[in-house]
Amino acid sequence: MFDAKKFVEESLTEIRRIVGDNKVISACSGGVDSTTTTVLVHKAIGDKLLAVFIDDGLRREGEPEFVVRTLKNLNIRTNYVDAKAGFFNVFKGKTDAEEKRKAFRDKFYKTLGEVAKEEQIEFIAQGTIKADVIETVQGIKSQHNVLEQIGIDPKIYGYKILEPLRDLFKPDVRKVARELGLAEEISERMPFPGPALSLRVLGEVTPEKVAIVRKATEIVEEETNKLGTFQNFAVLHNDKATGIKNGKRVYGHIITVRIVDSTDAVTAKARQVPYEVLTKISERITKEIPSVVRCLYDITDKPPSTIEFE
Ligand code: XMP
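Here is what the cut-offs are and how they apply
- Residues numbered from 1 in each chain as written.
- Predicted model: local features only at pLDDT ≥ 70, side-chain atom pairs only at ≥ 80, totals over all residues.
- Heavy atoms only, no water.
- Phe/Tyr/Trp six-rings, centres within 6.5 Å; stacked < 30°, edge-to-face > 60°.
- Helix = DSSP H or I, 4+ residues; strand = E, 2+ residues; numbered from the N terminus.
- Buried < 20%, exposed > 50% of the residue type's maximum accessible area, 1.4 Å probe, protein only.
- Axes fitted to C-alpha atoms, helices over the stretch in contact; angles between N-to-C directions.
- Parallel < 35°, antiparallel > 145°, perpendicular 65-115°, else oblique.
- Left-handed = near helix turned anticlockwise from the far one by under 90°.
- Contact = heavy atoms within 4.5 Å.
- 1 Å grid on protein atoms, 1.4 Å probe; cavity = no way out; pocket = protein on both sides within 12 Å on 5 of 7 lines; lining within 4 Å.
- Points joined across faces, edges and corners; volume = space filled by probe spheres on them.
- Pairing = 2+ DSSP bridges.
- Core = buried A, V, L, I, M, F, W, Y, C linked by side-chain atoms within 4.5 Å.
- Nonpolar A, V, L, I, M, F, W, Y, C, P; charged D, E, K, R; others polar.

> I tried to follow the packing of aromatic side chains on my own but got confused; where do I start?
Given two aromatic rings, one states the distance between the centres and the angle between the planes to describe the pair. Applying the stated criterion across every chain yields a total of five aromatic pairs. With a centroid separation of 6.2 Å and 20 degrees between ring planes, the pair formed by Phe53 and Tyr80 is classed as stacked. Of the two residues, Phe53 sits in strand 2 (residues 49–55) while Tyr80 sits in strand 3 (residues 78–82), which places them 27 residues apart along the sequence. Residue classification places Phe53 among the buried positions, given a relative accessible area of 1%. Ring centres 5.2 Å apart and planes at 45 degrees place the aromatic pair Phe87 and Phe104 in the tilted group. Taken together, the residues span a long stretch of sequence, with Phe87 in helix 4 (residues 84–91) and Phe104 in helix 5 (residues 97–118) at a distance of 17 residues. Exposure class is identical for Phe87 and Phe104. Each is buried.

Below, the structure is given as structure tokens:
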């Protein structure tokens, strides 16, 4: 049985031992893994930690403001880094899922490297958990935050990596978050991938396509937040379909809605969501996002699918 209290105590000692007198940056996206890491490291070394929220332009509606506010309310020194233009730049012309993920990873670590250099920082703390490492090492997909485990030396970006949660699965991370006194909004937060909406825009990622999937995501979350499912989201397809808007034929976007139950993201089941909920989502998405003409529901489990489309 996992003992969160003991884990926290041992982690604090270990973090202090590794870090010594050095300073640390924590890359915090606001998810349960990275926020728990940030709070744990802050508890260990106080103001020697600087939390960094990188705004890559791929976050959900209102998320950048939420994350910065949450960290500041926890009295953690926090920097907001506006890197939106740079991220969209690296996605130009890229359509393959793994190529996109690698482009995201490289830009992400380079951006952190710039902050680390400015602040003369030795370590980057990040919320890598066991499932990220397993899936990457097994070749299912290269999670953006796995470096050393696949032979990438983080020194090329100019720092060392600190991953206090790397041996835990999600349910135990949530226990640690509760043990640290984090609000339910964080400890029970729905998982959201590091490369964010870039994985949910199939094909090339552009600001226009991200805006569409962001709005669809907001609608799906609003209509399903009482279901208690593991992950609920929208995906924008790369191809188009015929539809009718204002009595005329149009060739428009396709959105797929995915709602799954899981405990650790290693396997997942598509939820049998009440049909009325799906109808409401479809009506709202096609009405509130004029360029979308078709809305689909994904009924595939993991395996054989993965949770994300990319
Ligand atoms: P899949 O799609 O592999 O996802 O079934 C398993 C869990 O991981 C999330 N995910 C990612 N998280 N970087 C992340 O930090 C990634 O590149 C990435 N890809 C998938 C996904 O949302 C799910 O919770």
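There is more to say, and it comes next.
> How should I be thinking about the packing of helix 1 (residues 4–19) against helix 2 (residues 32–45) in this particular structure?
Packed helix pairs are specified by the crossing angle of their axes together with the interaxial distance, meaning the distance between the axes. Remark: helix 1 packs on helix 2, axes separated minimally by 9 Å, with the N-to-C direction vectors making an angle of 65 degrees. In this view, helix 1 runs roughly perpendicular relative to helix 2, as classed from their interaxial angle. Here helix 1 and helix 2 pass one another in a crossing that is right-handed. Listed contacts from helix 2 to Phe7, Val8, Ser11, Leu12, Ile15, Arg16 and Val19 of helix 1 are Leu40, Val41, Lys43, Ala44 and Ile45.

> Is there a simple way to explain the layout of surface pockets in this structure?
Regions of empty space are outlined by a rolling probe, equal in size to a water molecule, passed over the atoms. Within this model, the largest pocket holds a volume of roughly 690 Å³. Surrounding the largest pocket, 25 residues form its lining, Arg60, Glu188, Arg189, Met190 and Glu221 being those nearest its centre. Of all the secondary structure elements, the ones that give two or more residues to the lining of the largest pocket are helix 3 (63–73), helix 7 (170–179), helix 8 (184–187) and helix 9 (207–224). By residue number, the principal contributor to the lining of the largest pocket is helix 9, which donates six residues. Here the second largest pocket defines a volume of roughly 200 Å³. Contributing to the lining of the second largest pocket are Phe7, Ser11, Glu14, Ile15, Ile18, Ile161, Leu162, Glu163, Pro164, Arg166, Asp167 and Leu168. At the level of elements, helix 1 and strand 5 (160–162) are the ones that each hand at least two residues to the lining of the second largest pocket. The dominant element in the lining of the second largest pocket, judged by the number of residues it contributes, is helix 1, at five residues.

> Teacher, can you tell me more about the sheet that holds strand 3 here?
Read across the sheet, five strands follow the order 3-2-1-4-5 without closing on themselves; strand pairing throughout is parallel. Pairing within the sheet leaves two strands with one partner each, and these edge strands are strand 3 and strand 5. Looking at each pair of strands side by side, their axes are set apart by 30 degrees on average, direction ignored. Looking at chain direction, strand 4 (residues 123–125) and strand 5 are connected through three bridges and run parallel.

> It is not clear to me how the nonpolar core should be interpreted in this structure. Could you clarify?
Across soluble globular proteins, you tend to see nonpolar side chains buried next to one another. Counting 45 residues, the largest nonpolar core has Leu112, Ile255 and Ile285 as its most contacted members. At the level of secondary structure, the elements contributing two or more residues to this core comprise strand 1 (24–27), strand 2, helix 4, helix 5, helix 9, strand 6 (231–245), strand 7 (248–261) and helix 10 (275–288). Not counting residues up to four positions away in its chain, the partners in contact with Ile255 are Ile212, Ala216, Ala234, Val235, Leu236, His237, Ile285, Val292, Arg294, Cys295 and Leu296. With 34 residues, the next largest nonpolar core counts Phe66, Val68, Phe123 and Ala125 among its residues.

> Just to check I follow, could you spell out empty space enclosed by the protein for this structure?
Scanning the model with the defined rule gives two cavities of 30 Å³ or more in all. Its volume calculated, the second largest cavity comes out at about 40 Å³. The wall of the second largest cavity is formed by Ser29, Gly30, Gly31, Arg59, Arg60, Glu63, Arg189, Met190 and Phe192. Classifying every residue of the lining of the second largest cavity gives two nonpolar, three polar and four charged.

> For this particular structure, what's the right way to read unusual backbone geometry?
Excluding glycine, most residues fall at negative phi; most peptide bonds, likewise, are trans. Cis geometry is adopted by the peptide bond preceding Pro303, which originates at Lys302 and carries an omega value of -15 degrees. In this fold, Pro303 is placed in the segment after strand 9 (292–297). Along the chain, Pro303 connects to Pro304 via a cis peptide bond; the corresponding omega equals 15 degrees. Mapped onto the secondary structure, Pro304 falls in the segment after strand 9. Backbone geometry places Asn75, a non-glycine residue, at a positive phi of 65 degrees. Locating Asn75 in the fold gives a position in the loop between helix 3 and strand 3. Its identity as a non-glycine residue notwithstanding, Ala196 has a phi of 50 degrees, on the positive side. Looking at where Ala196 falls in the secondary structure, it is placed in the loop between helix 8 and helix 9. In this structure Ala196 comes out as buried when scored by relative accessible area, which is 0%.

These results come straight from atomic positions and should not be treated as a statement about function.
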